[in-house]
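Listed below, chain by chain, are the residues.
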Amino acid sequence: MPRYFGEIIGTKAILSENDIHHLTHVLRFKVDQEFEVVFNGDIFRSKIVSIHPFCTEVIEKIEADSEFNQKVTLFFCLAKKDKIEFVVQKASELGATNLVLVSSARSVVKLTQTDFERKKQRYMSIAKEASEQCKRTSILSIDGLFELKKIPLDFLCDKNFVAYEENSGSTLHFFNALKEIHFGESVSIFVGPEGGFEKEEIRFLEKNGFQAVSLGKRILRCETAAVYGLSVIGLFLDRL
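The residue count restarts for each chain, going from 1 along the sequence in the order it is written. The model is predicted, so local features are restricted to residues of pLDDT at least 70 and side-chain atom pairs to those at 80 or more, both for listing and for counting; the totals for chains, interfaces and linings are taken over all residues. As a rule here, side-chain values come from all non-hydrogen atoms in the structure, and water together with hydrogens is ignored.

*Asks:* Where do I start with the sheet that holds strand E11 (residues 187-191) in this structure?
*Replies:* As a general point, the strands of a sheet are linked pairwise by backbone hydrogen bonds and lie either parallel or antiparallel. In spatial order, the strands read E9-E8-E7-E11-E10-E12; together these 6 strands make up an open sheet with parallel pairing. For this open sheet the edge positions go to strand E9 (141-147) and strand E12 (210-213), each flanked by a neighbour on one side alone. Along the sheet, successive strands turn relative to each other by an average axial angle of 20 degrees, direction set aside. Two strands make a pair as long as DSSP finds a minimum of two bridges between them. Here a helix means four or more residues in a row that DSSP labels H or I, a strand means two or more in a row labelled E, and each is numbered from the N terminus. Pairing geometry for strand E8 (residues 98-103) and E9, over 5 bridges, is parallel. The residue of E9 that forms the bridge with valine 100 is aspartate 143. Residues count as neighbours in contact if any of their non-hydrogen atoms are within 4.5 Å of one another. Interaxial angles span 0 to 180 degrees and are taken between N-to-C directions of axes, which are lines fitted to C-alpha atoms, for helices over the stretch in contact. Sheet contacts for helix H2 (residues 81-93): strand E7 (72-77), E8 and E9; angle to E7, the most-contacted strand, approximately 170 degrees. Against the sheet, helix H3 (residues 113-133) contacts E8 and E9, and its axis sits at roughly 155 degrees relative to E9.

As C-alpha cells, then:
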C-alpha cells in the first residue's frame, strides 16, 4: 500500500498535487482503492472516494513503529552533487533523523549558504520520497551549511563518532562504543569528504566530544562510509 505525507482534516486525507498525480496517473488508483497518509507522525489508512474532483476518506488510524527510539544524526562533508543526493536518499532509508551538511578543508565542492538553500528543496523532495518508500513516519531533517569548526553545539548528540580513514583496521573500538549506547541516547556519525579529514580537524572534533573510529580495513568512498556508518549504528539501535 503506497504511503504519502499529507494532512488529515476531519475525515479527509489531504495530499499535494504531485502526490495526487502520482496516485491517480502513475499508480492509476481508482475509487475505493486504499493508501496511507502520515500526519504528525501518525498513520491513517484512507481510500479514494472520487477522482474528479479528487476526494478521500479516512478509514482508520494505524499503529506502526518504523523509527528509532532516539535521534540519529549524520554529519556529511560536502561532496559532488550526485553523492549528496545519494546520501540524502540512503540516510532517509536507514532511519537517520538529521543530516547536517558541513564544509571542511578538503571538500571538493564549495557552496554558499544561498547555494544550499536553493538546493535544499530538491534534497527535501528526495528525502520525502525515500521516507514514503521505506514506510517511515517522519522525514529526514536537512540542515546546513556549516563550516566544520562552526557547527552549532545543539546538533551534537549524546554519543558522537567520526569515521577517520587513518584509523582503518579493527572495528573493535567502534563495536564496543556502540554497545554502550543506552535506550533514548542520541547518536551521530561524522563522515569526511572525498579527500578525507586533515589531522587538525580530527583533533578539533575529538576535543569537542567526537570519538574517532574505524569503519574497517578498507578505505571507503565518502558516500559508502555514510551508508556503512548508519547501517552499523542502526543494527545496534534496532535491538534496543
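*Asks:* Looking at this model, I keep getting lost on the side chain of threonine 137. Mind explaining?
*Replies:* With respect to the helices, strands and loops of the structure, threonine 137 is situated in the loop between H3 and E9. Burial classes follow relative accessibility: with a 1.4 Å probe on protein chains only, a residue under 20% of its type's maximum area counts as buried, one over 50% as exposed, and anything between as partly exposed. Look at threonine 137 and you get buried, because its relative accessible area is 13%. Among all residues touching threonine 137, those that are not within four sequence positions of it are Arg3, Phe5, Val38, Gly41, Ile43, Ser66 and Glu67.

*Asks:* Before we go on, may I ask you to explain the environment of serine 50 in this structure?
*Replies:* Examined against the element boundaries, serine 50 turns out to sit in strand E5 (residues 42-50). In sequence terms serine 50 and lysine 30 are 20 residues apart; their C-alpha atoms lie 8.2 Å from each other. The definition of a polar contact used here is a pair of N or O atoms within 3.5 Å, where within protein one atom must be able to donate a hydrogen and the other to accept one, and adjacent residues in sequence count solely through side-chain atom pairs. There is a polar contact of 2.6 Å between the side chain of serine 50 and the backbone oxygen of proline 53.

*Asks:* What is the right way to read the packing of aromatic side chains from this model?
*Replies:* For any two aromatic rings, the description comes down to two numbers: the centre-to-centre distance and the angle of the planes. Between the rings of Phe, Tyr and Trp (Trp by its six-membered ring), a pair exists once the centres lie within 6.5 Å; its type follows the angle of the planes, with under 30 degrees stacked, over 60 edge-to-face, and the other angles tilted. Enumeration according to the criterion identifies 8 aromatic pairs in this entry. Ring centres of phenylalanine 175 and phenylalanine 236 lie 5.5 Å apart, and the angle between their planes is 75 degrees; this geometry places the pair in the edge-to-face category. Of this pair, phenylalanine 175 sits in helix H4 (residues 172-179) while phenylalanine 236 is found in helix H6 (residues 222-237), placing the two residues 61 residues apart along the sequence. The exposure class of phenylalanine 175 is partly exposed, given its relative accessible area of 39%. Overall, the relative accessible area of 10% leaves phenylalanine 236 in the buried class. Ring plane angle 70 degrees and centroid distance 5.5 Å describe the contact between phenylalanine 190 and phenylalanine 197, whose orientation is recorded as edge-to-face. Each member of the pair, phenylalanine 190 together with phenylalanine 197, is buried. Taken together, the aromatic side chains of Phe75, Phe190, Phe197 and Phe210 make up a single cluster linked through ring pairs.

*Asks:* I tried to follow the sheet that holds strand E1 (residues 3-5) on my own but got confused; where do I start?
*Replies:* In space, the 4 strands of this open sheet follow the order E1-E4-E5-E6, with mixed pairing throughout. Each edge of the open sheet is held by one strand with a lone partner, namely E1 and strand E6 (55-62). Direction aside, neighbouring strands of the sheet carry axes that sit 35 degrees apart on average. Alignment of E1 against strand E4 (residues 34-39), held across 3 bridges, turns out to be parallel. Counterpart to phenylalanine 5 in the pairing with E4 is valine 38. Sheet strands in contact with helix H1 (residues 17-26) are E1, E4 and E5, and its direction is about 165 degrees off that of E1.

*Asks:* Got a minute to help me understand the pattern of salt bridges in this structure?
*Replies:* When the charged atoms of two side chains with opposite charge come close together, those side chains can pair. Whenever a carboxyl oxygen of Asp or Glu lies within 4 Å of a side-chain nitrogen of Lys or Arg, that contact is scored as a salt bridge. One pass over the structure, following the stated rule, counts 16 salt bridges. Among the ionic pairs, aspartate 42 bridges to lysine 61, the shortest N-O distance being 3.6 Å. Here aspartate 42 is found in strand E5, whereas its partner lysine 61 is found in strand E6, with 19 residues between them in sequence. Under the relative-accessibility criterion, aspartate 42 is labelled partly exposed at 29%. In this structure, arginine 122 engages glutamate 85 in a salt bridge whose closest nitrogen and oxygen atoms are separated by 3.3 Å. Of this pair, arginine 122 sits in helix H3 while glutamate 85 sits in helix H2, and the two are 37 residues apart along the sequence. Its relative accessible area of 15% is what places glutamate 85 among the buried residues. A single network of salt bridges, built from pairs that share partners, joins Arg3, Glu36 and Lys135.

*Asks:* Which parts of the structure should I look at to understand the nonpolar core?
*Replies:* Soluble globular proteins tend to bury their nonpolar side chains together. We define a nonpolar core as any set of buried Ala, Val, Leu, Ile, Met, Phe, Trp, Tyr and Cys residues linked to one another through side-chain atoms lying within 4.5 Å. Ranked by internal contacts, the top residues of the largest apolar core, which has 40 residues, are Leu74, Phe76, Val88, Leu101, Phe161 and Ile189. Top contributing element to this core by residue count: H6, with 7 residues. Once residues lying within four places of it in the same chain are set aside, the contact partners of leucine 74 are Val87, Ala91, Asn98, Leu99, Val100, Ile189, Val191, Ala226 and Leu230.

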